[in-house]
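Coordinate inspection notes
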Amino acid sequence: MNKVTMSLRQYRESYPEVAIHMHQMNTKQQLAPLLTGRIDIGIMRNTELPEQLNYQLLFKEPFMVAVYEGHPLLKYEKTGVDIHLLAEYPLVFFEREVGTALYDEIHNLLTSAGVIPKISQEAGEAMTILGLVSAGMGISIITESFTRMKIDGVKYIRFSNIEAASEVWLVYNTRRALPAAAKKLTELLIENIVG
C-alpha cells in the first residue's frame with residue numbers, strides 16, 4: 001500500500017463522519033478548480049502554477065524505461081541503462097494535450113541529456129502506453145509507480161547514469177482558507193509522506 005492510500009485510510013478511520021469527495025483529474029485539469037475553490041487540495045506532478053497556488057513536495061519518484069520482452073536494452077536490466085542509448089529507439093510518449101505534465105518532464109529529461117526523442121506513438125493513458133510497448137511499438141519512459149501495472153511482455157529498467165525523478169505535489173490555494181477537514185487531511189498526508 002502506498003503512503004497516499006495509507007494516509008487516506010488512516011484519515012477515514014480517524015474521521016468517519018467526514019465525506020471526502022475525490023475527483024480524478026490530471027495535473028492541468030486541477031488548476032482551475034483549485035483557483036475557484038471547487039476543490040480544496042490537489043495532488044499533482046510538478047508544473048507551472050498560477051501565482052495564488054502553492055505546493056508542498058510530497059515525494060519524488062524515479063523515471064524508468066519500459067521495454068518489451070526481447071528488446072535489446074534488456075541486457076541492461078541489472079546494471080541500468082544509459083539515457084543516451086534511448087536515442088536509437090522509437091518511443092511511445094504521453095500526449096502533450098492530455099495535460100499530465102509528464103510529456104514536458106520526459107521531453108525535458110531527454111533533451112537536457114542531448115537525446116532527441118523519436119516519438120513513434122502517443123497515448124493519453126499509462127495503460128495504453130504500456131500496451132503499445134508490449135505490442136512492440138516502441139519503448140517508453142514512465143515513473144516508478146506505473147511499474148505496479150503488470151502488463152504481459154513489459155519489463156522495466158532503471159537508468160544507470162542519471163538520478164531523474166518526477167515530483168508529486170500537494171497543491172492548495174493561498175488565498176482561500178482550507179476547511180478544517182481538508183486541513184487535517186493535508187497535515188496527515190505531509191506527516192505520513194514527507195515525515
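Before reading on, note that the structure itself is shown above.
The text that follows walks through the structure, step by step, so that each part is easy to find. Owing to the predicted nature of the structure, the values given are computational and were not obtained by experimental measurement. (Residues numbered from 1 in each chain as written. Predicted model: local features only at pLDDT ≥ 70, side-chain atom pairs only at ≥ 80, totals over all residues. Heavy atoms only, no water.)

Points about the overall build of the protein chain
The helix and strand inventory of the protein chain stands at 5 helices and 7 strands. Moving toward the C terminus, one meets the helices and strands of the protein chain in the order α-α-β-β-β-α-β-α-β-β-β-α. The dimensions of the protein chain, computed from C-alpha atoms along their principal axes, are 55 × 35 × 25 Å. Out of the 195 residues in the protein chain, the part that is buried amounts to 43%. Roughly 10,700 Å² of accessible area belongs to the protein chain as shown, and the carbon and sulfur atoms make up 50% of that amount. Across the protein chain, the centroid of the 19 positively charged side chains sits 3 Å from that of the 22 negatively charged ones. (Helix = DSSP H or I, 4+ residues; strand = E, 2+ residues; numbered from the N terminus. Buried < 20%, exposed > 50% of the residue type's maximum accessible area, 1.4 Å probe, protein only. Areas by Shrake-Rupley, 256 points an atom, 1.4 Å probe, with all protein chains shown as cover. Lys, Arg positive; Asp, Glu negative; His and termini not counted. Charge placed at Lys NZ, Arg CZ, Asp CG, Glu CD.)

Points about the side chain of Gln30
Position of Gln30 relative to the elements: it lies in helix α2 (residues 27-36). With a relative accessible area of 5%, Gln30 lands in the buried category.

Points about the environment of Glu51
By the element assignment, Glu51 lies in the loop between β1 (41-45) and β2 (53-68). Accessibility expressed as a relative area gives 67% for Glu51, which makes it exposed. With 13 residues separating them in the primary sequence, Glu51 and Arg38 have C-alpha atoms 18 Å apart. A distance of 2.9 Å separates polar atoms of two side chains, one belonging to Glu51 and the other to Arg175. (Polar contact = N/O pair within 3.5 Å; in protein donor to acceptor, adjacent residues only side chain to side chain.)

Side note on the packing of aromatic side chains
The full count for this structure, using the stated rule, is 4 aromatic pairs. When the ring of Tyr55 is compared with that of Trp169, the centres are 3.7 Å apart and the planes differ by 15°; the resulting orientation is stacked. Residue Tyr55 is located in strand β2, and its partner Trp169 is located in strand β7 (residues 165-173); the two are separated by 114 residues in the primary sequence. Of the residues examined, Trp169 reaches a relative accessible area of 6% and is grouped as buried. (Phe/Tyr/Trp six-rings, centres within 6.5 Å; stacked < 30°, edge-to-face > 60°.)

What to know about helix α5 (residues 180-194)
For α5, which comprises 15 residues, the first-to-last C-alpha distance of 20 Å matches the rise-based estimate of 21 Å (1.5 Å per residue) to within 8%. Tucked inside the fold, the buried residues of α5 contact α1 (3-14), β1, β2 and β7. Within two residues after α5, Gly195 carries a phi angle of roughly 100°, on the positive side. (Expected span 1.5 Å × (residues − 1). Contact = heavy atoms within 4.5 Å.)

Focus on the pairing of strand β3 (residues 90-94)
In summary, the side chains of a regular strand alternate between the two faces of the sheet. Within β3, 4 of the 5 residues are buried, leaving the element largely enclosed by the surrounding structure. Sheet analysis places β3 next to strand β4 (residues 118-123), joined by 5 bridges and oriented parallel. Paired with Leu91 across the bridge in β4 is Ile119. (Pairing = 2+ DSSP bridges.)

Considering the pattern of salt bridges
Enumeration according to the criterion identifies 5 salt bridges in this entry. The salt bridge involving Arg45 is made with Glu61; its shortest N-O contact spans 2.6 Å. Of this pair, Arg45 sits in strand β1 while Glu61 sits in strand β2, and the two are 16 residues apart along the sequence. For the pair Arg45 and Glu61, one class covers both residues: buried. Between Glu187 and Lys183 there is a salt bridge whose closest N-O contact spans 3.6 Å. With Glu187 and Lys183 both in helix α5 and 4 residues apart, this pair spans about one turn of that helix. Glu187 gets classed as partly exposed once you look at its relative accessible area, which sits at 44%. For Lys183, a relative accessible area of 45% puts it in the partly exposed group. (Salt bridge = Lys/Arg side-chain N within 4 Å of Asp/Glu carboxyl O.)

All we've got here are geometric facts, nothing functional implied.
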